[in-house]
Each structure stands twice: as structure tokens, then as C-alpha cells.
Amino acid sequence: VAHAGRTVGRLGEGDWDGKVSEIKKKIKSILPGTSCDLLPDTSHLPPEHSDVVIVGGGVLGLSVAYWLKKLESRRGGIRVLVVEQDYTYSQASTGLSVGGICQQFSLPENIQLSLFSASFLRNINEYLAVTSAPPLDLRFNPSGYLLLASEKDAAAMESNVKVQKQEGAKVCLMSPDQLRNKFPWINTEGVALASYGMENEGWFDPWCLLQGLRQKVESMGVFFCQGEVTRFVSSSQRMLTTDDEMVILKRIHEVHVKMDHSLEYQPVECAIVINAAGAWSAQIAALAGIGKGPPGTLQGTKLPVEPRKRYVYVWHCPQGPGLETPLVADTSGAYFRREGLGSNYLGGRSPTEEEEPDPANLEVDHDFFQEKVWPHLALRVPAFETLKVQTAWAGYYDYNTFDQNGVVGPHPLVVNMYFATGFSGHGLQQAPGVGRAVAEMILEGSFQTIDLSPFLFNRFYLGEKTQENNIM
Amino acid sequence: MWDLVLGDRRINSLRLVAPMWNGTRGIHRLGGAVVPEGNQKKERTILQFLTNHFYDVEALRGYLLQREMSKVHMKNRSFTWLEEQHGPYSAGAFFILKQGGAVKFRDKEWIRPDKYGHFSPEFWNFREVPIEAVDASDCEINYEGLDNLLLLKELQSLSLQRCPHVDDWCLSRLYPLADSLQELSLAGCPHVSERGLACLHHLQNLRRLDISDLPAVSNPGLTQILVEEMLPNCKVVGVDWAEGLKLGPEEQPQDTASPVLA
């Protein structure tokens, strides 16, 4: 055949192509059945098998993917697939976040997570180095957090600062006099005590972290897919506990990923599923059957994470606080920070339970600023009495209604679903630490560096709250 | 891993990489973008092409990058043992001199390493003599290395000119020196931006601050004004914004060898 090709080729190339198509047509007409067409194009579908499927491509999902690939014992040992339903990240909490990082928490685990994340961000060009890409510029402002406390919260703040100092955070307490000295633009009326973070605290650009993680994770060989998880196919096994009670343990075998704007779906066979879906984690958990049972039992305990809408406003105030302004969190819950060099500030306030806005969409309520945020800001910083709102946006908190702290680790009944969600507004700053903890849990079987056992799912059933007192 | 590669291809790739390596060391510096010009640019695209097509080139580049980084880490390790044995001042002085900088003890002359990197061991005797001035220009000092520098509690003058690894995180660490530091120079540091300059407000005793020629600062004139407002007692040297429209920072003659003590 090769000889024939060569001899024919010498006569002229065009002849050869025509002959080939004629031969093909003849064969088609002779043979029965449909023509031998090419395999259908499946490049947009995820792979059919994957060791780990991560539902959610935000900063937490990508962090888990990164640490899984970094801590695997053999190069190429784990096949990871990240499923993200919206590639534009238009509603993802990561991109809409204010981007702050601080160590001023009351739980030691939270402090350690933030400290590790600070060192991760500081050395981001070592962790996320990709040979062909330029170094990442996180635009980190090391200006610190300033938390103000009224009389009744002062004792709690003192004990919190003691815990923070023990864990290694660089935080100092300030009296109202010292506050006035250092930041003359503050009105210290109603402030009994303040805690100021000196190092490793500030704010940065969350998009840059997301892009950096994304490109590093792609270079490590993680698969990405845009689609929606619609179904989990699982198998169950009945077992008896030591008290002779029947327990049904489930194992997810397949994840059905549905493509956008079509009914096409791909069943992905998997060994482990990670729920990092942020504000939508409860839906994913419900798909796996978590919470389907009589209330008060372990089967009936739902994942108590729901989306809560939070507003962020940007305003311009020409006489406002200067370059040294930290992120100030007022006694009323209002917070603000500087944005850039041009006297712009951004901030907001967490609404109370009665004021909670409807999380169905991300539309901004400007009256909320006028009535609930501005008065507190103007009281604390008199210069803010004259300001002009430039823009505003809204984003979701993956709010843990139980105790406002994250859910990390496996589910007791659906044994191969791991959670990395529910961080209620501090997911971005704890993402590197949480990603590493989940990867360690999967690869080693237990938490190795930071012990996040207080964040396991069991606490929802047992009713033990790991309450975090400093939430903004 | 190298055994798996076909002999020809490996030798070819190494042959092409090795001579290019000397010319384009800039890629592997953490110091950021090196502006490619002409020949460098052509070499860069060839290197890029090879990296995209051969796993071993990519792995080699990754390995060399990691090695550069670990070299910097090695230079910036903490000398806690030295500090216990000889006191904080001697340990700090040893760290600076090893990096290639210069130190000045109180009432003594500047101690500087010569062009071979040797320096006189007389400072080991100065256990109780505090260090007044440090000139760490062009040193590869980074965040961890500042551990050794922060031991020097009576430091009055610090020069970090053109240090490639000093960035905003490092500046946020300088507040323990607030009581004594009177003069600070950050001229020419490629990674210092206005965000790091914002945390210099702790240094209330600062009398002279040099922030000229910082390429990462987005708006030098406005930054200078804001820094001057933040540190009212300090003379900020950098861009002369009062001179009208200027696109870049002025070239200020800097006498870095012996900074003047205020």
C-alpha cells in the first residue's frame, strides 16, 4: 500500500485525495449499517474516572486540589477533578470578598489557620511558582486590623488577645488614650479597649490568589470542568454498632456532572467527593442524602450552611483617615478600610438577624448604608460625616447557622464525602490552612499539622458548638 | 528520571539550555520582571518554547528556581546559637557582614567586607557595644533574615537600598525598632510599594526617609504626600512633587556609604 501511495503521489496530489474519497464512498455503499463516523467530541466533558472530585472551584476547592497534589507521595498518584458551575465566578464568594486576613479570633484553631495562611501568602511565589509565569503580586496591605470593644466586651477582648498572643499572633491592646494618640481621627466615645494587629494582618487581592492557585493547579495536572453536579450515585451498607443499633453507611460511587445549557451529563466514577461549594454546599449535601431522616438523629442532621447576603460599599471621603489606617471594626459591627491612594474607603456592616436580606439575588440595598452603616461610621470617624458613595456590591457568606465556624472533614455516614465549607466570611483567609488539613485527612487519615477536630461534622448532631466570638 | 530520556534529546536540551542560562539568569530571580531586550528576548522565547514542549526542560527550570530560592533561605537563616554565645549585637553584625553589608558600632568605624567577602573579626569582642548603623544595600535579606536585624535594639540608621527581596511584608516587621530608628532608606527596592510604606507609621522617631526610585509604587508623587502627612516629623526624600508635572522620580544623589545621623 505504501508503494502504491508513492507511485500515485508522483502523478499529482489532488488526484490522490479525490481517489480516497471515492474509495470511501464505495465502501460506505457496500457495507451495511451506518457509516464509520469519528468518535463524538467530548472535550468539554469531564473524565470518566477520577480519584477525587472537588465540587466547587473557589479558593477553598482550589486550595484542597493544590495540597492534594503537593502532598501526594508519588507524582501523578492522585487524579483530581474540580467541578465549577460558573467559570466567570460572578457569584462566587471568593471574588466578591473584601480580602482581609487577621488573626484576631477567639478559637486557637482559627488563629493557627490564619497564621499559616499569612505565611502561605507571604511565600506565595515559592508555593505557587509556575516556571513560565511571572511572579504573583498579591497587593497585600500589611496595615493590620483594629478591633474596638465597648465596656461589656472589654473582658472578652482581653482574654481573646491573651489566647492570640499564646498562639503566636502579634496583637497588642490599646487604651482609648493610646488610640487617640496613634489615630487622631478616631472618636473614642464608647470604646473601652482596642486590639491592634501589628503583623501578618491586612488585606489583599483575592482574584490574584485565585488565579495563582488556578494556574499552579493546572500545571500540576488537575482536571477542570464547568458543569453542575446533579446527582450522586451511592451504595449503602448496613452495619451494627456496639449497642446493636443499625447504621447505614453510604459510599458515593459516581458523580453526575451536567453541562451548561444542555441535558448532557457525564457520570464520573470517583473515590472521594469534596464539598467546597460555598454558599451552595447545603444543596450538594442534600443530593448525597445528608439530612434525609427523622430530625434529631444523625441521619436527619442537615448541613447547616446557608447563603447570607452581605453588602460592601465604596465611598470617597477627601478628609478621611490617612495612609496608616488599619481595617477598623467598630463596636457596632460596622467596619471600613482604605482602598488605594485616592481617599477611597470600603466597608459595611453585618446585619442583625431581623435585618437579614433575602439571598435570592445579589442586588444591593443602598438604604441599608444610609440607615444602618453610615450613622455608625460617622460616629466613630467624624470625617465620614461628609462622604459620597461611589459603588457597592453584594456577595454571599457561606454562613454556618450553627456556630459560624467552618465544617471540615468527613461525614460520619456518607463516608467518602469531605467538607471544606461553612466559614461564614473568613473562608478566604483560612483557605490555605483548611486545604492542607483536608488533604492530610484524605492522604494520611488524620489531621497532621493543625488539628481541626473541633470543626468536624459530628458537632451538629452532638450539639457541641465551637463558637467564634469575633465575627464581622 | 534523566535515564528515561532518550540520550539525544537530553543532550540537545541541556546543550541549548546551558549557554542560555548564563545570559538569562534574570528569569529565575525572584526579583521580578527583567525587561527583555533584543537578544535576551529571543533567548527567552526559545526557552519558553522548549519549556512548553519538553517535560525535562520544565523540570530542570523548576529545579533551578527551587535551588535559587533555597540559596536565599540559607543566607537568611537565624543565628540563634550565635546570639546565645556572643550576644545580639555580634550575631546581628555577623549576619549583615556575611550578606555583604556594613555595620557601624557606637564610637567605632564602619566594618565592611572587602571584595572577597572577608571581614575583620574584631567585632566578636564588642559584646556590649550596640550597633548604630547598618548598611544592607544590595544584600539578599528577606523576611526571615530580619529576625537577625531586629535584635539590634539601638539601631539608628538602616539602609536597605536595592535589596531584591525586601517587600511590603518586611516593612511591616520594622516596628520593634520604632524607639531608636531615625533614618531609613528604601531607595531602589523593586518590591516595596505604597502598601508597605503605610506601615512605617509606627516609626515615630524617624527623621529621614528615602523612598526614591521605587518601581512598584503606582503613584510616587501622591505616595510621597501621603507619607509626609503620615510622618509629620520626618523628612521624606523621594519625588519632588512640588516641582510640577514629573513623570518619574528625580535622581537624588545618595551617599549610601555613610548615612548622616540626624
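Nothing here was measured: the structure is a model prediction, and the numbers come from that model.

> Lay out the overall build of chain B in plain terms, naming residues and giving numbers.
Secondary structure assignment for chain B yields nine helices and seven strands. Counting the 262 residues in chain B, one finds 48% classified as buried. When contacts within chain B are restricted to residue pairs at least 6 apart in sequence, long-range pairs at least 24 apart make up 67% of them. When the accessible surface of chain B is split by element, carbon and sulfur atoms take 53% of a total near 13400 Å².

> Give a description of the pattern of salt bridges that names residues and reports values.
All names here are of chain A. Counting across every chain of the model gives 23 salt bridges over all chains. Close ionic contact of arginine 310 with glutamate 356 constitutes a salt bridge, the shortest N to O distance being 3.2 Å. With arginine 310 in strand S12 (residues 305–316) and glutamate 356 in the loop between strand S15 (344–349) and helix H10 (366–380), this residue pair connects regions lying 46 residues apart in the sequence. As far as the burial class goes, arginine 310 and glutamate 356 line up, both buried. In this structure, a network of salt bridges that share partners links the residues Glu306, Arg308, Arg310, Glu353 and Glu356.

> Account for the confidence of the model for chain A, with residues named and values stated.
For chain A, per-residue confidence averages 90 on the pLDDT scale, and residues scoring 70 or more make up 95% of the total. Low pLDDT, under 50, characterises residues 1–9 of chain A; the stretch is placed with two contacts to residues that sit more than four places away or in other chains.

> So what's going on with empty space enclosed by the protein? Residues and values would help.
This structure, assessed with the given rule, holds three cavities of 30 Å³ or more. Taken as a whole, the second largest cavity holds about 40 Å³ of empty space. Forming the walls of the second largest cavity are Pro142, Ser143, Gly144, Tyr196, Gly197, Met198, Leu323 and Glu324 of chain A together with Ala198, Cys199, His201 and His202 of chain B. Classifying every residue of the lining of the second largest cavity by side-chain character gives six nonpolar, five polar and one charged.

> Which residues make up the sheet that holds strand S3 (residues 131–135) of chain B, and what are the values?
All names here are of chain B. Strand order in the open sheet formed by seven strands is S2-S1-S3-S4-S5-S6-S7, with mixed pairing between adjacent strands. Here the strands that pair on one side only, and so sit at the sheet edges, are strand S2 (110–111) and strand S7 (235–237). Lying over the sheet, helix H5 (residues 88–99) contacts strand S1 (102–105), S2 and S3, oriented at roughly 155° with respect to S1.

> Explain the sheet that holds strand S13 (residues 327–329) of chain A to me, using residue names and the numbers behind them.
All names here are of chain A. With mixed pairing, eight strands are arranged side by side in an open sheet as S5-S6-S4-S13-S14-S15-S12-S16. Lying at the two open borders of the sheet, with one neighbouring strand each, are strand S5 (171–174) and strand S16 (388–400). Each neighbouring strand pair of the sheet contributes to a mean axis angle of 20°, computed without reference to strand direction. Taken together, the four bridges between S5 and strand S6 (residues 193–197) define a ladder with antiparallel strand orientation. Within S6, the residue paired with cysteine 172 across the bridge is tyrosine 196. In this fold H10 packs onto strand S4 (145–149), S12, strand S14 (334–339), S15 and S16, with an angle of close to 65° to the strand it touches most, S12.

About the cut-offs
- Residues numbered from 1 in each chain as written.
- Chains lettered and ligands numbered in written order.
- Predicted model: local features only at pLDDT ≥ 70, side-chain atom pairs only at ≥ 80, totals over all residues.
- Heavy atoms only, no water.
- Helix = DSSP H or I, 4+ residues; strand = E, 2+ residues; numbered from the N terminus.
- Buried < 20%, exposed > 50% of the residue type's maximum accessible area, 1.4 Å probe, protein only.
- Contact = heavy atoms within 4.5 Å.
- Areas by Shrake-Rupley, 256 points an atom, 1.4 Å probe, with all protein chains shown as cover.
- Salt bridge = Lys/Arg side-chain N within 4 Å of Asp/Glu carboxyl O.
- pLDDT = per-residue confidence, 0-100.
- 1 Å grid on protein atoms, 1.4 Å probe; cavity = no way out; pocket = protein on both sides within 12 Å on 5 of 7 lines; lining within 4 Å.
- Points joined across faces, edges and corners; volume = space filled by probe spheres on them.
- Nonpolar A, V, L, I, M, F, W, Y, C, P; charged D, E, K, R; others polar.
- Pairing = 2+ DSSP bridges.
- Axes fitted to C-alpha atoms, helices over the stretch in contact; angles between N-to-C directions.

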